Amino acid sequence: MKLMVNGETHEIAATTLAELLAALDYEGDWLATAVNSDLVHKANRAEFRLSDGDRIEILSPMQGG
Amino acid sequence: MFDLFGTTLPSRLLLGTAQYPSPAILADAVKASGTSMVTVSLRREMAGGRAGEKFWSLIRALGTRILPNTAGCHSVKEAVTTAKMAREVFGTNWIKLEVIGNHDTLQPDVFGLVEAARILCEDGFAVFPYTTDDLVVAERLLAAGCKVLMPWCAPIGSALGPINMMALCSMRGHFPGVPLIVDAGLGRPSHAARVMELGFDAVLLNTAVAKAADPVGMARAFGKAVEAGREAFLSGILEPRELAVPSTPIFGRAVFS
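Treat the numbers as computed from the prediction; the structure is a model and nothing was measured.

Basis of the calculations
- Residues numbered from 1 in each chain as written.
- Chains lettered and ligands numbered in written order.
- Predicted model: local features only at pLDDT ≥ 70, side-chain atom pairs only at ≥ 80, totals over all residues.
- Heavy atoms only, no water.
- Helix = DSSP H or I, 4+ residues; strand = E, 2+ residues; numbered from the N terminus.
- Buried < 20%, exposed > 50% of the residue type's maximum accessible area, 1.4 Å probe, protein only.
- Contact = heavy atoms within 4.5 Å.
- Areas by Shrake-Rupley, 256 points an atom, 1.4 Å probe, with all protein chains shown as cover.
- Lys, Arg positive; Asp, Glu negative; His and termini not counted.
- Charge placed at Lys NZ, Arg CZ, Asp CG, Glu CD.
- Core = buried A, V, L, I, M, F, W, Y, C linked by side-chain atoms within 4.5 Å.
- Expected span 1.5 Å × (residues − 1).
- Phe/Tyr/Trp six-rings, centres within 6.5 Å; stacked < 30°, edge-to-face > 60°.
- Lys NZ or Arg CZ within 6 Å of the ring centre and 35° of its normal.

Draft legend 1. Spotlight on the overall build of chain B. Looking only at helices and strands, one finds nine helices and ten strands in chain B. Dimensions of chain B, computed from C-alpha atoms along their principal axes, come out at roughly 90 × 40 × 35 Å. For chain B, the residues scored as buried account for 52% of the 257 residues in total. The long-range share in chain B, meaning contacts at least 24 apart out of those at least 6 apart in sequence, stands at 66%. Element-wise, carbon and sulfur atoms account for 55% of the exposed surface of chain B, whose accessible area totals about 12,000 Å². In chain B, which carries 24 positive and 23 negative side-chain charges, the distance between the mean positions of the two groups comes to 4 Å.

Structure follows, in structure tokens:
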């Protein structure tokens, strides 16, 4: 399945958002995720099924003004 | 002391966390400023979570309240989704709402701002809107559910200081009961003191401290200026006069001729 993760294309076998995070070695309670511009809560990642062409954003705390 | 959404903040200085020479200097500057709330953002995590973890640990260790922002968002959708993601990560419904409308001036898209503010207020957020000094926009933001307003005094990062004192004065006069925080454009402590002397409730700044030759010293200076400006406002400032007025009593002066 082809997925766009943080602006980069990945060919990946993951079927859920939680599987995708694990496959790409993402971990931490401080991560926030969105699929196709909508928030996916941490608690819903394991059930959230991905589709070919989905755009995934994985964000974390950063400096800000 | 400063009350926002039922929370008392000891300091009227809000400080950004970006552009410091090092994490250690950021931490020292935050302490020196006396601030009780810092702004943070969310960005793409490219290191599996390790980049965010470092910064998040540093921020939590500061012990201040956190005000996440939607910096860099150019649409209502981006800002709303970013705000929701920030609520989940930072565990607060407070959000500094930015919807940028122009790349050069970084001025807010006030139409998108009002729309995003309405959506987020209805969703239970305490929205701190980064806005202009326009009174009509301010009224629309209040009507959308905002309880606090954050007008710029000059473009973000410009260090120009208050370029339209009349507009800021007018804003303070029109909204006597609304917490008003000057956000963006402050360059030096005297700028902060000037807007605090007008009766603004607080200031939010970042670049003026982070990019100073000595950020820790400048943070301390801003902390003092904010306190001085507030105390001056509360003490009743003398209005300027056209003519000289002697300060030493005329009565009883000696005559030698």
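So, next bit.
Draft legend 2. Representation of the nonpolar core within the structure. In this structure, Leu-20 and Ile-56 of chain A together with Leu-97, Val-127 and Val-203 of chain B are the most contacted members of the largest nonpolar core, which totals 84 residues. With eight residues, the top contributor of residues to this core is helix H3 (residues 76-90) of chain B. Apart from the residues lying within four places of it in its own chain, the contact partners of Val-127 of chain B are Phe-5, Ile-95, Leu-97, Ala-117, Leu-120, Cys-121, Cys-146 and Val-148 of chain B. Among the nonpolar cores identified, the runner-up in size contains 14 residues, and Leu-4, Leu-67, Phe-128 and Val-148 of chain B belong to it.

Draft legend 3. Summary view of H3 of chain B. All names here are of chain B. Taking 1.5 Å as the rise per residue, H3 with 15 residues should run 21 Å; its terminal C-alpha atoms sit 21 Å apart, in good agreement. For H3, the complete set of buried residues consists of Val-76, Ala-79, Val-80, Thr-81, Thr-82, Ala-83, Met-85, Ala-86, Val-89 and Phe-90. Residue Gly-91 follows H3 closely and has a positive phi angle near 65°.

Draft legend 4. Inspection of the packing of aromatic side chains at higher detail. Residue and element names in this part refer to chain B. Scanning all chains against the criterion turns up four aromatic pairs over all chains. An angle of 40° between the planes, with centres 5.4 Å apart, marks the rings of Trp-94 and Phe-128 as tilted. Taken together, the residues span a long stretch of sequence, with Trp-94 in strand E6 (residues 94-97) and Phe-128 in strand E7 (residues 126-131) at a distance of 34 residues. With respect to class, Trp-94 is no different from Phe-128; both count as buried. Taken together, the ring pairs connect Phe-5, Trp-94 and Phe-128 into an aromatic cluster. Over the ring of Trp-94 we find Arg-65, and its NZ or CZ is 3.6 Å from the ring centre.

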